[in-house]
Amino acid sequence: MRRIEVDSSDSDRRRGQIAENVAATRRNRDEVFAFFADVRNLALVNPPWARLRWLSPPPETLSAGAVIDFSVRVAGLPARWRIFIRECDPPYRFVDVQI
C-alpha cells in the first residue's frame, strides 16, 4: 500500500504532505524496525545513483529529537536534506519530518 496525503487543514496550520509505505516481508517486526532504526542503513535503501553522503555523523540510535543531515543527488544535482525524528515508538513506527 502506498498513501500520499495532502493536509487540507485550515490556513492557520502549516500545510504538509504525508507519504506512507507498507511492504510485506518474511522478517519479524523487531528485525525490520531495528534495520530502519539504524540510520546508517539509509544508504542501503537509497539507489546507488543517489550517492547519499553524511553531512554530520548520523546518530547511533534512532530516537525522538534526533536530527539527521545528509545530501543525495536529485536529477544529478546534490541536494541537502535535514530530517527531524518527531516520534519514535519501537518497534511499531517512527515519524520523520524534513526541515
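Scroll up a little and you will see the structure.
A look at the overall build of the protein
Piece 1. Helices and strands together make up the secondary structure of the protein, namely two helices and six strands.
Piece 2. For the protein, the α and β elements follow one another from N to C terminus as β-β-α-α-β-β-β-β.
Piece 3. When burial is assessed residue by residue, the protein has 18% of its 99 residues classed as buried.
Piece 4. Sequence separation of at least 24 residues holds for 17% of the intrachain contacts in the protein that already meet a minimum separation of 6.
Piece 5. A total of about 8,000 Å² of accessible surface is found on the protein, and carbon and sulfur atoms cover 51% of it.

Remarks on the packing of aromatic side chains
Piece 1. Scanning the entire structure with this criterion turns up four aromatic pairs.
Piece 2. Ring centres 6.2 Å apart and planes at 75° place the aromatic pair F33 and F94 in the edge-to-face group. Taken together, the residues span a long stretch of sequence, with F33 in helix α1 (residues 29-37) and F94 in strand β6 (residues 93-98) at a distance of 61 residues.
Piece 3. Between F35 and F36, the aromatic rings sit 5.1 Å apart at their centres with planes inclined by 90°, giving edge-to-face as the arrangement.
Piece 4. On the basis of relative accessible area, F36 is assigned to the partly exposed category, the value being 43%.
Piece 5. Taken together through their ring pairs, the aromatic side chains of W54, F70 and W81 make up a single cluster.

Points about the sheet that holds strand β3 (residues 53-54)
Piece 1. Read from one edge of the open sheet, four strands run β3-β4-β5-β6, paired in antiparallel fashion. At either margin of the open sheet sits one strand with a lone partner, and together these are β3 and β6.
Piece 2. For strand β5 (residues 77-89) and β6, the ladder comprises six bridges, and the chain directions are antiparallel. Residue pairing in the sheet places D89 in a bridge with R93 of β6.

Structural notes on the pairing of β5
Piece 1. As paired elements, strand β4 (residues 67-74) and β5 share eight bridges and run antiparallel to each other. In the sheet register, I68 faces β5, and the bridge partner there is I83.

Side note on the side chain of D69
Piece 1. Along the chain, D69 falls in strand β4.
Piece 2. Engagement of the side chain of D69 in a polar contact is seen with the side chain of R82, the distance being 2.6 Å.
Piece 3. Excluding residues that lie within four positions of it along the chain, D69 makes contacts with W54, L55, S56, W81 and R82.

Rules of the game
Residues numbered from 1 in each chain as written. Predicted model: local features only at pLDDT ≥ 70, side-chain atom pairs only at ≥ 80, totals over all residues. Heavy atoms only, no water. Helix = DSSP H or I, 4+ residues; strand = E, 2+ residues; numbered from the N terminus. Buried < 20%, exposed > 50% of the residue type's maximum accessible area, 1.4 Å probe, protein only. Contact = heavy atoms within 4.5 Å. Areas by Shrake-Rupley, 256 points an atom, 1.4 Å probe, with all protein chains shown as cover. Phe/Tyr/Trp six-rings, centres within 6.5 Å; stacked < 30°, edge-to-face > 60°. Pairing = 2+ DSSP bridges. Polar contact = N/O pair within 3.5 Å; in protein donor to acceptor, adjacent residues only side chain to side chain.

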